[in-house]
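Structural features, examined
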Amino acid sequence: MPRRPFVCGNWKMHRTVAEATALARELAAGLAGEARVQVAVAPPFTALAAVGAALRGTGIELAAQDVHWEAQGAFTGEVSAPMLAEVGCQHAIVGHSERRQLFGETDEAVRRKAGALLAAGIRPIVCVGETLAEREAGRTLEVVGRQVRGGLAGLGAGALASITIAYEPVWAIGTGRTATAAQAQEVHAAIRALLRELGGDAADAVRIQYGGSVKPGNAAELLSQPDVDGALVGGASLAAPDFIAIVKGALR
Ligand code: PEP
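Residues numbered from 1 in each chain as written. Predicted model: local features only at pLDDT ≥ 70, side-chain atom pairs only at ≥ 80, totals over all residues. Heavy atoms only, no water.

On to the pattern of salt bridges. On inspection of all chains with the given rule, the structure shows 17 salt bridges. Close ionic contact of arginine 192 with aspartate 229 constitutes a salt bridge, the shortest N to O distance being 2.7 Å. One end of the pair, arginine 192, is in helix α8 (residues 181–199); the other, aspartate 229, is in the loop between α9 (216–223) and β8 (230–233), with 37 residues separating them in the sequence. Overall, the relative accessible area of 2% leaves arginine 192 in the buried class. Note on aspartate 229: relative accessible area 0%, which makes it buried. The shortest N-O distance in the salt bridge between aspartate 204 and arginine 196 comes to 2.7 Å. Here aspartate 204 falls in the partly exposed class, since its relative accessible area comes to 32%. Each of Arg3, Arg192, Asp227 and Asp229 takes part in a single network of salt bridges with overlapping partners. (Salt bridge = Lys/Arg side-chain N within 4 Å of Asp/Glu carboxyl O. Helix = DSSP H or I, 4+ residues; strand = E, 2+ residues; numbered from the N terminus. Buried < 20%, exposed > 50% of the residue type's maximum accessible area, 1.4 Å probe, protein only.)

Considering the arrangement of structural elements, one finds arginine 207 in the loop between α8 and β7 (208–211). Buried and without a salt bridge, arginine 207 has aspartate 229 as its closest oppositely charged side chain, separated by 6.7 Å. For arginine 207, the side chain forms a polar contact with the main-chain oxygen of arginine 4, separated by 2.7 Å. Among all residues touching arginine 207, those that are not within four sequence positions of it are Arg3, Arg4, Pro5, Phe6, Gln38, Ile163, Thr164, Ile165 and Asp229. (Lys, Arg positive; Asp, Glu negative; His and termini not counted. Polar contact = N/O pair within 3.5 Å; in protein donor to acceptor, adjacent residues only side chain to side chain. Contact = heavy atoms within 4.5 Å.)

Under the 1.5 Å per step criterion, the end-to-end length of helix α7 (residues 140–152) is 18 Å for 13 residues, consistent within 8% with the ideal 18 Å. Among the structural elements, α4 (97–103), α5 (107–119), β5 (123–128), α6 (132–136), β6 (164–167) and α8 are those in contact with the buried residues of α7. Positive phi appears at glycine 154, one or two residues downstream of α7, with a value of about 75 degrees. (Expected span 1.5 Å × (residues − 1).)

What follows deals with the sheet that holds strand β1 (residues 6–10). Strand order in the closed barrel formed by 8 strands is β1-β2-β3-β4-β5-β6-β7-β8, with parallel pairing between adjacent strands. Each neighbouring strand pair of the sheet contributes to a mean axis angle of 25 degrees, computed without reference to strand direction. Pairing between strand β3 (residues 61–64) and strand β4 (residues 91–94): 2 bridges, direction parallel. Among the inter-strand pairings, alanine 63 is bridged to a residue of β4, identified as histidine 91. (Pairing = 2+ DSSP bridges. Axes fitted to C-alpha atoms, helices over the stretch in contact; angles between N-to-C directions.)

Given below as structure tokens:
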């Protein structure tokens, strides 16, 4: 069964509510009728409800950029999975390298967040990826393997049906440097082999996105690889024509 490509735009800490709504409308117009690729966007928390309303009925789905693992409580500044579900999020990114590097997010936190999302009916996009130093030391597969195992530990084999993995080499995020298609495929194939160990045949249906300076000019080649099933797009997702071109490049 071929996997349906899945492209998600990560808008990070960009766009006011008005700007985010305008961008969502531009995307909806440019991608109208494009059902062959699953598309989602992850605006900042403040714009989720408005963007969700602008996207209703368009086929473009709503994602959050992070979540807390508790449903409620004294956690100033945090947002819970049931709160995200209430505003219509179908997906949430966890373990993004910016969260890991700047905010100390651990594999254990990623696992708890993924579990909370699944319990709320939201599909986690679990990000993994090595730093440049780790790649140069030949530790890429060890690091990524540890992050995948740690992020999914104890969630149960059934969880794989609802999870997307995003392989994002840290050295390629926001740097303009992209992994070659062969480098991406090598890591994606290793992730799939590990998922097979953890969840058997369910691994074949898991989408593994590539992320790291994906642009209209490199998307088609990256996404032509057998285990590259989509993209998590940062910078280029903020320009509607670029993001639309990347989605179209995901067709294979
Ligand atoms: C990201 O932040 O997930 C990302 C891939 O960013 P960029 O596309 O800008 O490298």
